[in-house]
Amino acid sequence: MDAQIDSQFSPTARKFLEETTMKSLFGIPDEALDAIMALAYQLYQLGRYPEVEVLCRGLLAADHKYWWSYSLYAATLRRLGRLSEALAEVEKGLAYEPNEPKLLFMRGEIGEALSRETRPKKEPISPTVALATSTTNPRVAA
């Protein structure tokens with residue numbers, strides 16, 4: 001839950017929001033959510049990431065405690081190039097399942113990808129400069 005919004009609620013209200021899901025409020029059967037998850041996964045495999053993103057948001061709105069929805073949503077965001085958002089979703093999933101191997105692995109993978117993305121890129125050495133500074137070049141070696 002967003003820290004700014006979280007501070008507006010009493011401890012009792014926060015507990016209710018954390019423990020209650022749309023699934024429990026509306027009596028949504030697990031089978032219905034499983035069918036949506038299966039469809040989302042099939043669409044993910046087909047590369048239809050915008051549709052998967054929408055379905056994952058719906059799944060998380062229905063049951064914000066299920067780690068697999070966070071996993072698929074994070075994988076989708078990663079494919080869309082939104083690494084910071086993907087990592088945030090993994091962290092949300094880990095709040096509910098702190099030892100889930102899939103989420104822990106994803107955290108490492110996405111974190112590594114983010115560090116590569118933010119690492120300063122080295123300028124490629126031009127072939128002319130490389131030859132001019134090489135000790136095998138007789139003009140430089142002399």
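Brief notes about the packing of helix α4 (residues 30-45) against helix α5 (residues 49-62)
Where α4 meets α5, the axes come as close as 9 Å, and the angle between the chain directions of the two elements is 155 degrees. Taken as axis vectors, α4 and α5 run roughly antiparallel relative to one another. For the crossing formed where α4 meets α5, the hand is left-handed. Contacts between α4 and α5 involve L33, I36, M37, L39, A40, L43 and Y44 from the former and Y49, E51, V52, L55, L59 and A62 from the latter. For the contact of α4 with α5, a count of residues per class yields 12 nonpolar, no polar and 1 charged.

Points about the confidence of the model for the chain
Overall, the prediction assigns the chain a mean pLDDT of 82, with 73% of residues at 70 or greater. Here residues 1-5 scores under 50 on pLDDT; set against residues more than four positions off or in separate chains, the count is 3 contacts. Confidence drops under pLDDT 50 across residues 128-142; counting only partners more than four residues distant or on other chains, this segment forms 7 contacts.

Considerations on the nonpolar core
Ranked by internal contacts, the top residues of the largest apolar core, which has 27 residues, are Y44, V52, L72, V90, M106 and I110. Of all the elements in the fold, those that place two or more residues in this core are α4, α5, α6 (67-79), α7 (83-96) and α8 (101-118). Residue contributions to this core peak at 7 residues, all from α6. When neighbours within four sequence positions are excluded, Y44 is seen to be in contact with Y49, V52, L72, A75, T76 and R79.

Focus on the pattern of salt bridges
Inspection of the entire model under this criterion finds 8 salt bridges. Across the pair R78 and E109 runs a salt bridge, and its minimum N-O distance is 3.1 Å. Here R78 is found in helix α6, whereas its partner E109 is found in helix α8, with 31 residues between them in sequence. By relative accessible area, which is 30% here, R78 ends up partly exposed. The class for E109 is partly exposed, based on a relative accessible area of 32%. Sharing partners across several salt bridges, the network here consists of E53, R57, R82 and E85.

The rules behind these values
Residues numbered from 1 in each chain as written. Predicted model: local features only at pLDDT ≥ 70, side-chain atom pairs only at ≥ 80, totals over all residues. Heavy atoms only, no water. Axes fitted to C-alpha atoms, helices over the stretch in contact; angles between N-to-C directions. Helix = DSSP H or I, 4+ residues; strand = E, 2+ residues; numbered from the N terminus. Parallel < 35°, antiparallel > 145°, perpendicular 65-115°, else oblique. Left-handed = near helix turned anticlockwise from the far one by under 90°. Contact = heavy atoms within 4.5 Å. Nonpolar A, V, L, I, M, F, W, Y, C, P; charged D, E, K, R; others polar. pLDDT = per-residue confidence, 0-100. Core = buried A, V, L, I, M, F, W, Y, C linked by side-chain atoms within 4.5 Å. Buried < 20%, exposed > 50% of the residue type's maximum accessible area, 1.4 Å probe, protein only. Salt bridge = Lys/Arg side-chain N within 4 Å of Asp/Glu carboxyl O.

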